[in-house]
Amino acid sequence: MSALALADARLHGFLRSLHAAGISVATQKGSDFLLSLVASPPEDVRALYWRARVTLVASAEDFAAFDVVFDAYFRGGHLLLEEPQGPSPEAEGETAAPQGGDDRELGAVEPREGSGLHASPLETHGTRRFSPASDAEREALREIAASLAGALPTCTARRSVRARRGRTLDVQRVLRAANRTGGEVLRLCWRRRPPQTRRVLLLIDVSGSLRAHSPDLLRFAHEVVRGAPRAEAFTFGTRLTRITHALDTPDVDTALDALSARILDADGGTRIGVALQQFLADPRQVALARGAVILVMSDGLERGDPAAMADATRRLARLGHRLVWWSPLACDPAYRPVTRGMQAVLGDLDALAGARDLPTLLRELRSLPDIEARPRRTARRAWAQPIVS
């Protein structure tokens, strides 16, 4: 057997052994892993390890089983690759970009602190503690709660209710009343479909590039979940996490304490496209987006192929009533959405605005009625205007 055929057989055997060890690897993930090895062969076993772990393992609980299978296949002398000496990225707490990464796609963003250029696609496992909200922050949260009713758009409910007047006759009530009067119809009864607040869907980026803004974004989500009649919240970094029930607690500090144990990819890597596709892969979650006001709070710095991010955003735009993207980077007057990821999704957005803390989130919340009055998918047109100095 040739060396190429031997390597191919060993890689497929490695994937089968992961399944046998109880690690669920989707077919698409296995294909992506094999294609990445062909397109960019790893330099050593260490690079192969991190590429396989990031691509194939979706849960931190599977790390131990993955290490056992990987060691059996690739650290037992089967591959003639020299293991480099030195600590691993996990030991040093690094979140470096994958091998062969190129920052040129982010070249239009100035490399200053807080610009998000350190965004990484690597998956890390860790939790984060959030400090208690200050008095000023609690006051801002109360203003957000008070502004929700007037800011969120409404739609007509599907179910009708009794009404004094209307256009739809309530036949059952009319017949019941006629039976009590010997068959005579003495009074007509009506039904109508009342207005109701549209569902709100929050998709919140909690990756390392938004570490400074994540607490305020999650506090804002707490007020929306508690104050809106119908609201759902998810976080994403390298995985998708539903946090609606954890946020449905009266006290904001208690809610964020619960999130500390639930969000396992806080301050980690960035895989926006993968997380959004994971959301759309579940029909129950797709139903939450249908007809909703979808608020994506992220810097949009996708370090991988932006095709997945663009495809998922396009589907969200078709499902939702409005798709709004709030980016902390857009608070800078000099910001332009010129990265490959944001350029790919800009045409599907109804608005792109800056929001990084509670005051800017309150400002953008109050601007939702203006977005409602504009035609759909006008973000590209709005950002095509030159910067006024």
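Conventions used here
Residues numbered from 1 in each chain as written. Predicted model: local features only at pLDDT ≥ 70, side-chain atom pairs only at ≥ 80, totals over all residues. Heavy atoms only, no water. Helix = DSSP H or I, 4+ residues; strand = E, 2+ residues; numbered from the N terminus. Buried < 20%, exposed > 50% of the residue type's maximum accessible area, 1.4 Å probe, protein only. Contact = heavy atoms within 4.5 Å. Areas by Shrake-Rupley, 256 points an atom, 1.4 Å probe, with all protein chains shown as cover. Salt bridge = Lys/Arg side-chain N within 4 Å of Asp/Glu carboxyl O. Arc of directions from axis to C-beta. Pairing = 2+ DSSP bridges. Axes fitted to C-alpha atoms, helices over the stretch in contact; angles between N-to-C directions. Patch = residues over 30% accessible without salt bridge, like charges linked within 9 Å, V, L, I, M, F, W, Y side chains within 5 Å. Lys, Arg positive; Asp, Glu negative; His and termini not counted. Charge placed at Lys NZ, Arg CZ, Asp CG, Glu CD. Core = buried A, V, L, I, M, F, W, Y, C linked by side-chain atoms within 4.5 Å. Phe/Tyr/Trp six-rings, centres within 6.5 Å; stacked < 30°, edge-to-face > 60°.

S.K.: Can you explain the overall build of the chain? Please cite residues and give values.
M.R.: When you go through the chain residue by residue, the secondary structure sums to 17 helices and 11 strands. By residue count, 49% of the 389 residues in the chain fall in the buried class. Taking the contacts inside the chain whose residues are at least 6 apart along the sequence as the reference set, 77% of them involve residues at least 24 apart. Accessible surface, the chain as shown: approximately 19800 Å² in total, 51% of it carbon and sulfur.

S.K.: Describe the pattern of salt bridges, naming the residues involved and giving the relevant values.
M.R.: In the structure shown here, the tally under the stated rule is 17 salt bridges. Here Arg-211 and Asp-267 are joined by a salt bridge, their closest N and O atoms 2.2 Å apart. With a gap of 56 residues between them, Arg-211 in the loop between β6 (200-205) and α8 (214-227) and Asp-267 in the loop between α10 (252-262) and α11 (272-280) connect regions that are remote in the sequence. Taking relative accessible area as the criterion, Arg-211 reaches 44% and is therefore assigned partly exposed. Across the pair Arg-314 and Asp-348 runs a salt bridge, and its minimum N-O distance is 3.7 Å. A residue pair is termed long-range when its members are at least 10 positions apart, and Arg-314 in helix α13 (residues 306-319) and Asp-348 in the loop between α14 (340-345) and β11 (351-354) qualify at 34 residues. Through salt bridges that share partners, Arg-128, Arg-211 and Asp-267 make up one connected network.

S.K.: Residue-level account of α11, with values.
M.R.: Every buried residue of α11 is listed here: Ile-272, Gly-273, Ala-275, Leu-276, Phe-279 and Leu-280. End-on, the buried residues of α11 take up no more than an arc of 165°, which puts them together on one face. Of the surrounding secondary structure, the elements contacted by the buried residues of α11 are β6, β7 (231-236), β8 (240-242), α12 (283-289), α13 and β10 (322-327).

S.K.: Give me the sheet that holds β7: which residues, what numbers.
M.R.: Across the sheet, six strands lie side by side as β8-β7-β6-β9-β10-β11; this open sheet has mixed pairing. At either margin of the open sheet sits one strand with a lone partner, and together these are β8 and β11. Direction aside, neighbouring strands of the sheet carry axes that sit 20° apart on average. Against the sheet, α8 engages β6, β7, β9 (293-297) and β10, with an angle of about 165° to β6.

S.K.: Can you lay out the pairing of β7 for me, pointing to particular residues and giving the numbers?
M.R.: The buried count for β7 comes to six of six residues, which makes it a mostly enclosed element. Here β7 shows a buried face lined by Ala-231, Ala-233 and Thr-235 and a second buried face lined by Glu-232, Phe-234 and Phe-236. Looking at chain direction, β7 and β8 are connected through three bridges and run antiparallel. Of the residues in β8, the one forming a bridge with Thr-235 is Thr-241. Between β7 and β8, which pair antiparallel and follow one another directly, the connecting turn spans three residues.

S.K.: Residues and numbers for a positive patch on the surface, please.
M.R.: On the surface, a cluster of positive charge is contributed by Arg-162, Arg-176, Arg-180 and Arg-187. Tracing the sequence through the fold places Arg-176 in helix α7 (residues 171-179).

S.K.: Could you give an account of the sheet that holds strand β3 (residues 168-169), naming the residues involved and the relevant values?
M.R.: An order of β2-β4-β3 is seen for the three strands of this open sheet, with the pairing classed as antiparallel. Each edge of the sheet is formed by a strand with only one pairing partner; in this case those strands are β2 (161-163) and β3. Of the strand pairs in this sheet, β3 and strand β4 (residues 190-192) are connected by two bridges, and their pairing is antiparallel. When the sheet's bridge partners are listed, Leu-169 is paired in β4 with Trp-190. Contacting β2, β3 and β4, α7 crosses the sheet at an angle of about 60° to β2.

S.K.: Account for the nonpolar core, with residues named and values stated.
M.R.: Among the nonpolar cores identified, the biggest contains 45 residues, and Leu-202, Phe-220 and Trp-326 are the most heavily contacted of them. Of all the elements, α8 adds the most residues to this core, at six residues. Ignoring sequence-local partners within four residues, the contact set of Trp-326 consists of Phe-220, Leu-295, Val-296, Met-297, Ser-298, Ala-353, Ala-355, Leu-361, Glu-364, Leu-365 and Leu-368.

S.K.: Tell me about unusual backbone geometry, and please be specific about residues and values.
M.R.: The general pattern is negative phi for most residues beyond glycine and trans for most peptide bonds. Of note, the phi angle at Asp-267 is positive, near 60°, even though the residue is not glycine. The backbone phi angle of Arg-377 is positive, close to 55°, even though this residue is not glycine.

S.K.: If you had to explain the environment of Met-342 to someone new, which residues and values would you point to?
M.R.: Looking at the secondary structure, you find Met-342 in helix α14. Taking relative accessible area as the criterion, Met-342 reaches 0% and is therefore assigned buried. Measuring from C-alpha to C-alpha, the distance between Met-342 and Leu-352 comes to 9.8 Å, with 10 residues separating the pair along the chain.

S.K.: Go over the packing of aromatic side chains, please, and point to the residues and values.
M.R.: Scanning the model with the defined rule gives 14 aromatic pairs in all. Ring geometry for Phe-234 against Phe-279: centres 5.2 Å apart, planes inclined by 85°, an arrangement best described as edge-to-face. Taken together, the residues span a long stretch of sequence, with Phe-234 in strand β7 and Phe-279 in helix α11 at a distance of 45 residues. Judged by its relative accessible area of 0%, Phe-279 falls in the buried class.

Shape is all these values report; function is a separate question.
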